[in-house]
Amino acid sequence: MYNKWVVKNEFAEMRIKTWDDLIHCLETNFLDWSEFIYRGQSDSDWLLRSKFDRDYEEIISGIEEYNSSEVSKIKGKIRLEERSSILNQHLLKFKKNTVGRRGVSPKELTELEWFGLGQHFGLSTPLLDWSTSPYVSLYFSLINKYKSKSGFHALWVFSPVSFQDIHINQNHNVDLENQSIKLINNALCEENQRVVSQSGVFTLTPNGEDIESYITNNISLAGFAPVLYKIMIPNECRDDFLRHLEAMNIHSGTLFPDLIGAADFANRDLEKVKTLLLRRKTDSFEERLLSVNLCH
């Protein structure tokens, strides 16, 4: 099954069934190449789009609904400012709200550093979180108890290097700095220890497009290997996979080096009170105990 990727226009897709399948898939296809970055999402149907642009899309939808209503004929239509203007205003508000909350004599930050700082404290930004570790990203696809509507969680794998190589060779005049998907690995600052703990990097897509659409609209992959992959993990594998990750010391206590991480880690232990008791009553668990002559 390991070479049976379903190749689509935007990405290649594979469904796995067990932890062993996942490990074999990662080790066979990705771990020996440093070009790949990883992102986990709770639902395999969710697009690779930043939180700011999901919020901005909601604003557009709400205004379009109003402008098409009868009320707008009486009170006038609403004109929405451009995305860049709203984004700038949003960042300025965040900067203002942080005054006095960054310690004594805080360092001056670049715009990307401000977005990187805000990203990991819940700010809606145009950045998309990734990690250089597939296992860290896998954790983020599973930790939310949300049961995906698609029936699958997703571990995304992306090669920004391969994408840019193809992009610039097919579009010789493209400005990679402003007209392409950018990999951002220099948005660190002292207040953002989470990025370090999570081996975090970001991507930035021009004009807020989701990555899948951007690939489709800007390059042709005919004759090339995919640059984006989606590994789909069934909902029912969640608890088993989290158990493996916790054995690897990948959990909220290590990925969030603060009080929020400590609380999340305790909450996960509370959740396991039920799942562990139920797992011990399954036929497969009892068979494994018998096979190694263990008794508890």
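Just above, that's the structure.
Residues numbered from 1 in each chain as written. Predicted model: local features only at pLDDT ≥ 70, side-chain atom pairs only at ≥ 80, totals over all residues. Heavy atoms only, no water.

Engineer: So what's going on with helix H2 (residues 51-67)? Residues and values would help.
Structural biologist: Spanning 17 residues, H2 covers 24 Å between terminal C-alpha atoms, matching the ideal 24 Å at 1.5 Å per step. Along H2, the residues classified as buried are Phe 52, Asp 53, Tyr 56, Ile 63 and Asn 67. Considered in projection along H2, the buried side chains sweep an arc of 85 degrees and stay on one side of the axis. Exposed residues lying more than 90 degrees from the buried face of H2 are Glu 58 and Glu 65. (Helix = DSSP H or I, 4+ residues; strand = E, 2+ residues; numbered from the N terminus. Expected span 1.5 Å × (residues − 1). Buried < 20%, exposed > 50% of the residue type's maximum accessible area, 1.4 Å probe, protein only. Arc of directions from axis to C-beta.)

Engineer: Tell me about the nonpolar core, and name the residues and values.
Structural biologist: The tendency in soluble globular proteins is for nonpolar side chains to be buried side by side. Ranked by size, the top nonpolar core spans 29 residues in total, and within it Leu 22, Phe 30, Ile 231, Phe 241 and Leu 245 carry the most contacts. Discounting residues that sit within four places of it in the chain, Phe 241 has contacts with Ile 16, Thr 18, Trp 19, Leu 22, Leu 138, Leu 142 and Ile 233. Leu 128, Phe 158, Val 201 and Ile 215 belong to the second largest nonpolar core, which has 19 residues in total. (Core = buried A, V, L, I, M, F, W, Y, C linked by side-chain atoms within 4.5 Å. Contact = heavy atoms within 4.5 Å.)

Engineer: An account of the pairing of strand S3 (residues 37-41) is needed here, citing residue identities and associated values.
Structural biologist: The two faces of a sheet get side chains in turn, since along a regular strand they alternate between them. Counting buried residues in S3 gives five out of five residues, a clear majority hidden from the surface. The side-chain alternation of S3 yields two buried faces, one formed by Ile 37, Arg 39 and Gln 41 and the other by Tyr 38 and Gly 40. Bridging between S3 and strand S5 (residues 152-158) involves five bridges; their strand directions are antiparallel. Considered in S5, the bridge of Tyr 38 is made with Val 157. (Pairing = 2+ DSSP bridges.)

Engineer: So, the environment of Leu 277: which residues are in play, and what are the values?
Structural biologist: Structurally, Leu 277 is set in helix H12 (residues 259-279). Taking the C-alpha atoms as reference, Leu 277 lies 38 Å from Val 201; in sequence the two are 76 residues apart.

Engineer: Would you mind going over the side chain of Arg 49 in detail, with residue names and values included?
Structural biologist: Tracing the sequence through the fold places Arg 49 in the loop between S3 and H2. A distance of 3.0 Å separates polar atoms of two side chains, one belonging to Arg 49 and the other to Asp 210. Every residue in contact with Arg 49, bar those within four places of it in the chain, is listed here: Arg 54, Glu 57, Leu 128, Gly 208, Glu 209 and Asp 210. (Polar contact = N/O pair within 3.5 Å; in protein donor to acceptor, adjacent residues only side chain to side chain.)

Engineer: Tell me about the side chain of Glu 113, residues and numbers included.
Structural biologist: Residue position: Glu 113 is located in helix H5 (residues 111-119). On the basis of relative accessibility, which here comes to 9%, the residue Glu 113 falls in the buried class. At a separation of 2.9 Å, a polar atom in the side chain of Glu 113 contacts the main-chain amide nitrogen of Thr 110.

Engineer: Residue-level account of the packing of helix H1 (residues 19-29) against helix H6 (residues 134-142), with values.
Structural biologist: Contact pair H1 / H6: the axes reach a minimum separation of 12 Å and the direction vectors enclose 140 degrees. Classified by the interaxial angle, the pair formed by H1 and H6 is oblique. Between H1 and H6 the crossing geometry is right-handed. Touching Trp 19, Leu 22, Ile 23 and Leu 26 of H1 are Pro 134, Tyr 135 and Leu 138, all from H6. (Axes fitted to C-alpha atoms, helices over the stretch in contact; angles between N-to-C directions. Parallel < 35°, antiparallel > 145°, perpendicular 65-115°, else oblique. Left-handed = near helix turned anticlockwise from the far one by under 90°.)

Engineer: Tell me about the pairing of strand S4 (residues 127-131), residues and numbers included.
Structural biologist: Within S4, four of the five residues are buried, which leaves the element mostly enclosed by the surrounding structure. Where S4 lies against strand S7 (residues 200-204), five bridges are found, and the strand directions are antiparallel. Paired with Leu 127 across the strands is Leu 204, a residue of S7.

Engineer: Quick rundown of the pattern of salt bridges? Include the residues and the values.
Structural biologist: Tallying each qualifying case throughout the model produces nine salt bridges. Across the pair Glu 57 and Arg 49 runs a salt bridge whose closest N-O atoms are separated by 2.7 Å. Across the salt bridge formed by Arg 83 and Asp 53, the nearest N and O atoms sit 2.6 Å from each other. Here Arg 83, found in helix H4 (residues 83-97), pairs with Asp 53, found in helix H2; they are 30 residues apart in sequence, far enough to count as distant. Side by side, Arg 83 and Asp 53 carry an identical accessibility label, which is buried. What emerges from the salt-bridge pattern is a single network uniting Lys 8, Glu 13 and Lys 230. (Salt bridge = Lys/Arg side-chain N within 4 Å of Asp/Glu carboxyl O.)

Engineer: Outline the environment of Ser 180, supporting the account with residue identities and numerical values.
Structural biologist: Mapping Ser 180 onto the fold places it in the loop between helix H7 (160-170) and strand S6 (182-184). Excluding anything up to four places from it in sequence, Ser 180 contacts Phe 163, Gln 164, His 167, Asp 175, Leu 204, Pro 206 and Tyr 214. A distance of 3.1 Å separates a polar atom in the side chain of Ser 180 from a polar atom in the side chain of His 167.

Engineer: Would you mind going over the environment of Ala 225 in detail, with residue names and values included?
Structural biologist: Position of Ala 225 among the secondary structure elements: in the loop between helix H9 (211-218) and strand S8 (228-234). Between the alpha carbons of Ala 225 and Phe 11 there is a distance of 9.6 Å; along the sequence they are 214 residues apart.

Engineer: Can you break down the packing of aromatic side chains residue by residue, with the values?
Structural biologist: Using the criterion set out here, one finds 13 aromatic pairs in the structure. Taken together, a centroid distance of 6.1 Å and an interplanar angle of 10 degrees make the contact between Phe 52 and Tyr 56 stacked. With a gap of four residues between them, Phe 52 and Tyr 56 both fall in helix H2, about one helical turn apart. For the pair Phe 52 and Tyr 56, one class covers both residues: buried. Ring geometry for Phe 163 against Tyr 214: centres 6.0 Å apart, planes inclined by 55 degrees, an arrangement best described as tilted. Taken together, the residues Phe 163 in helix H7 and Tyr 214 in helix H9 connect sequence positions 51 residues apart. (Phe/Tyr/Trp six-rings, centres within 6.5 Å; stacked < 30°, edge-to-face > 60°.)

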